[in-house]
Amino acid sequence: MSNNTIRLLQSFLEKDPNDSFTRFALAMEFSKIGDFDTSEQLYKELVRHDPAYVGTYYHLGMLLAGASRIDEAREILTNGLKVAQNVNDNHAASELRQAIDELDF
């Protein structure tokens, strides 16, 4: 199922390379199949092209933490927390704060 989903999302992204939701969904799909390098690349592209897409920071941070890249994860999560606070997304801010706390535990 994931490979079909990946192909479909890639075709959507080719039609609209600025579609943040599609890029995010594609990163999630690559993560599901264990292609963490591609997932990381897509998340980082999303952070560059749409820094206000708050959900990216949590998922990229967790991906980096899972690869034992704790300092990078903390930096991404902290940046995401600032973005979430700036756009008044209290739910995302709470999740990001909790993820940062868990890294420091």
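Remember, predicted model here, so these are calculated numbers, not experimental data.

(A) Fine view of the overall build of the protein. From N to C terminus, the protein includes six helices and zero strands. The N-to-C order of helical and strand elements in the protein reads α-α-α-α-α-α. For the protein, whose C-alpha radius of gyration is 14 Å, the value lies close to the compact-globule estimate of 13 Å for 105 residues. For the protein, the C-alpha atoms occupy an extent of roughly 40 × 30 × 20 Å along the three principal directions. Partitioning the intrachain contacts of the protein with sequence separation of at least 6 by distance along the chain shows that 38% fall at a separation of at least 24.

(B) Looking closely at the side chain of Glu40. In this fold, Glu40 is placed in helix H3 (residues 36-49). Residue classification places Glu40 among the buried residues on the basis of a relative accessible area of 11%. Those residues in contact with Glu40 that lie beyond four places of it in its chain are Leu60, Leu63, Leu64 and Arg69.

(C) Fine view of H3. Across its 14 residues, H3 extends 20 Å between first and last C-alpha, which sits within 8% of the 20 Å expected from 1.5 Å per residue. Among the residues of H3, Ser39, Glu40, Leu42, Tyr43, Glu45 and Leu46 are the ones counted as buried. Against the buried residues of H3 lie helix H2 (20-32) and helix H4 (55-66).

(D) Structural detail: the packing of H4 against helix H5 (residues 70-86). Viewed as axis vectors pointing N to C, H4 and H5 meet at an angle of 170 degrees, and their least axial separation amounts to 8 Å. Our classification of the angle between H4 and H5 gives roughly antiparallel. Along the contact surface, H4 presents Tyr57, Tyr58, Leu60, Gly61, Met62, Leu64 and Ala65, while H5 presents Ile70, Glu72, Ala73, Ile76, Leu77, Asn79, Gly80 and Val83.

(E) Here's a closer look at the packing of aromatic side chains. All told, the structure shown has two aromatic pairs when counted by the stated rule. Summarising the aromatic geometry, the rings of Phe24 and Tyr53 are spaced 5.5 Å apart at their centres and angled 50 degrees between planes, so their arrangement reads as tilted. You can see Phe24 sitting in helix H2 and its partner Tyr53 sitting in the loop between H3 and H4, a full 29 residues away along the chain. Taking relative accessible area as the criterion, Phe24 reaches 13% and is therefore assigned buried. Members of the aromatic cluster, connected to one another through ring pairs, are Phe24, Tyr43 and Tyr53.

(F) Region of the structure containing the environment of Ile76. Its location among the elements puts Ile76 in helix H5. If we skip the residues at most four places from it in the chain, Ile76 touches Tyr57, Leu60, Gly61 and Leu64.

(G) Local environment of the packing of H2 against H4. With their axes 11 Å apart at the nearest point, H2 and H4 run at an angle of 20 degrees to one another. In terms of their interaxial angle, H2 and H4 are classed as roughly parallel. Seen from above, H2 lies across H4 with left-handed handedness. Packed against H2, whose contacting residues are Phe24, Met28 and Ser31, the element H4 presents Gly55, Thr56, His59 and Leu63 at the interface. Grouping the amino acids of the contact of H2 with H4 by side-chain chemistry returns three nonpolar, four polar and no charged.

Criteria and thresholds
Residues numbered from 1 in each chain as written. Predicted model: local features only at pLDDT ≥ 70, side-chain atom pairs only at ≥ 80, totals over all residues. Heavy atoms only, no water. Helix = DSSP H or I, 4+ residues; strand = E, 2+ residues; numbered from the N terminus. Rg over C-alpha atoms; globule rule 2.2 N^0.38 Å. Contact = heavy atoms within 4.5 Å. Buried < 20%, exposed > 50% of the residue type's maximum accessible area, 1.4 Å probe, protein only. Expected span 1.5 Å × (residues − 1). Axes fitted to C-alpha atoms, helices over the stretch in contact; angles between N-to-C directions. Parallel < 35°, antiparallel > 145°, perpendicular 65-115°, else oblique. Phe/Tyr/Trp six-rings, centres within 6.5 Å; stacked < 30°, edge-to-face > 60°. Left-handed = near helix turned anticlockwise from the far one by under 90°. Nonpolar A, V, L, I, M, F, W, Y, C, P; charged D, E, K, R; others polar.

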